[in-house]
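# A structural walkthrough
Next come the chains, spelled out residue by residue.
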Amino acid sequence: MTTESLTCWVCGKSQFKQVKKSDVGTSLNSQNFAITNFSYGITGELHKCGHCGFIQCTDLNDVLGFYVDLEDPEYENTRKERKLQETALLKYIGKYKPSGAILDIGAGSGILVESAMEKGYRATGIEPSRWLRQTALKRNLPVLEGTFPHPETPGPYDIITLVDVIEHVPHPLHLLREIHQALDDQGIFVITTPDVRSLAARILRYKWWHFRVAHIGYFNRKNLRLLLEKAGFEVVSMTRPSWYFTLRYLGVRILSFLPLFLRFPLPRFFETIIIPVNLRDSIQVVCRKKDQLC
Ligand SMILES: [Zn+2]
């Protein structure tokens, strides 16, 4: 694809420069898109917008089919720490909306839905992966199969969450405008995504853990705000969320950056210790509909 024919999904300009060649082979499959895939630095062809700094993948725009067939048992193995993650997010959301109807888009196996129900919210999720959705249903969690917009979720919702999803989506402005429509006029929209201008991203460059084939859009705080404003939102708060990991998970990831001869076996009890980590390389935004603040 020539850079002249590209339009930025955020600002709409056509001032792209190639910043990374594709290292994806021809044998791409669903497992390359697993949430727990750790092939850091393997991406499609990336171009950076000279106007807003958004980095866009230009050769992997039609990836939905990979998500439909995705199976990720390893993701379920990390349910405990992911639940802590979602509980922390809901505690934050509770400052703005302590009750009401919540829709989680890209719900996975329904961890946020489960946490929200435990806190008394009326929760629904939507998930494209059949396997993840079935995993949610086995736990009696109301997760619909498919993508948003969905005929069964017209809204209005008091809260809509989009947690680590926008970086997987082509033409994210379309999705955000649909979310705006389904949100109650007094509702809040909560979005999280990696920050490609964070210190970790700048130090590690293409070894940063968020450079992976499943991510086709890379935001920073400025262009994420721009996209949200174009979709009709006003930013209420922008923070850096913590993530929860077992010591074992962290150890394995850290060791993977070392040469083989320096790697050592990790103690078994590392699996049982969960700690919050804030690498300050993600963005968490709470927004309201713009006209509601005027
Ligand atoms: Zn742009």
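Our subject is the structure that appears above.
Residues numbered from 1 in each chain as written. Predicted model: local features only at pLDDT ≥ 70, side-chain atom pairs only at ≥ 80, totals over all residues. Heavy atoms only, no water.

This part covers the environment of Phe269. Tracing the chain through its elements places Phe269 in the loop between helix 9 (247-255) and strand 12 (274-277). Judged by relative accessible area, Phe269 falls into the partly exposed class, the value being 48%. Residues Phe269 and Phe211, 58 residues apart in the sequence, show an inter-C-alpha distance of 30 Å. (Helix = DSSP H or I, 4+ residues; strand = E, 2+ residues; numbered from the N terminus. Buried < 20%, exposed > 50% of the residue type's maximum accessible area, 1.4 Å probe, protein only.)

What follows concerns the coordination of the zinc ion. Only Cys8 (SG), Cys11 (SG), Cys49 (SG) and Cys52 (SG) from the protein coordinate the zinc ion, and they sit 2.3 Å from it. Geometry at the zinc ion is tetrahedral, judged from its 4 donor atoms and the angles of 101 to 117° they form at the metal. (Donors = N, O, S within 2.8 Å, 3.2 Å for Na, K, Ca; no water. Tetrahedral: all angles 85-135°; square planar, octahedral: opposite > 155°, others 65-115°.)

On to the nonpolar core, then. One finds Leu162, Leu176, Ile179, Phe189 and Leu228 to be the most contacted residues of the largest nonpolar core, which totals 58 residues. Looking at which element gives the most residues to this core, the answer is helix 6 (residues 172-182), with 5 residues. Leu89, Ile93, Leu112 and Leu141 belong to the second largest nonpolar core, which has 19 residues in total. (Core = buried A, V, L, I, M, F, W, Y, C linked by side-chain atoms within 4.5 Å.)

This brings us to the packing of aromatic side chains. For any two aromatic rings, the description comes down to two numbers: the centre-to-centre distance and the angle of the planes. All chains considered together, the criterion is met by 7 aromatic pairs. On the numbers, 5.6 Å between centres and 75° between planes, the contact of Trp208 with Phe211 is edge-to-face. Each of the two residues, Trp208 as well as Phe211, counts as buried. Through successive ring pairs, a cluster of aromatic residues spans Tyr206, Trp208, Phe211 and Tyr218. The lysine or arginine in question, Lys20, covers the ring of Tyr206, its NZ or CZ lying 5.9 Å from the ring centre. (Phe/Tyr/Trp six-rings, centres within 6.5 Å; stacked < 30°, edge-to-face > 60°. Lys NZ or Arg CZ within 6 Å of the ring centre and 35° of its normal.)

In spatial order, the strands read 1-2-3-9; together these 4 strands make up an open sheet with antiparallel pairing. Pairing within the sheet leaves two strands with one partner each, and these edge strands are strand 1 (16-20) and strand 9 (217-218). Where strand 1 meets strand 2 (residues 46-49), 4 bridges bridge the pair, whose relative direction is antiparallel. When the bridges of strand 2 are listed, Gln18 appears paired with His47. (Pairing = 2+ DSSP bridges.)

Before going further, it helps to spend a moment on a nonpolar patch on the surface. A cluster of nonpolar side chains, Leu258, Phe261 and Leu262, forms an exposed patch at the surface whose accessible area comes to about 320 Å². Topologically, Leu258 is positioned in the loop between helix 9 and strand 12. Since its relative accessible area comes to 31%, Leu258 is described here as partly exposed. (Patch = residues over 30% accessible without salt bridge, like charges linked within 9 Å, V, L, I, M, F, W, Y side chains within 5 Å. Areas by Shrake-Rupley, 256 points an atom, 1.4 Å probe, with all protein chains shown as cover. Salt bridge = Lys/Arg side-chain N within 4 Å of Asp/Glu carboxyl O.)

The pairing of strands in a sheet happens through backbone hydrogen bonds and is either parallel or antiparallel. Across the sheet, 7 strands lie side by side as 6-5-4-7-8-13-10; this open sheet has mixed pairing. The open sheet has two free edges, formed respectively by strand 6 (143-145) and strand 10 (233-239), since each of these has just one partner strand. Geometrically, the sheet is characterised by an average inter-axis angle of 20° between neighbouring strands, direction not taken into account. Inspection of the sheet shows strand 4 (residues 101-105) paired to strand 5 (residues 122-127) by 5 bridges, in the parallel sense. What sits directly across from Ile105, in strand 5, is Ile126. Packed on one face of the sheet, helix 5 (residues 130-138) meets strand 5 and strand 6 and runs near 150° to strand 6. (Axes fitted to C-alpha atoms, helices over the stretch in contact; angles between N-to-C directions. Contact = heavy atoms within 4.5 Å.)

Shape is all these values report; function is a separate question.
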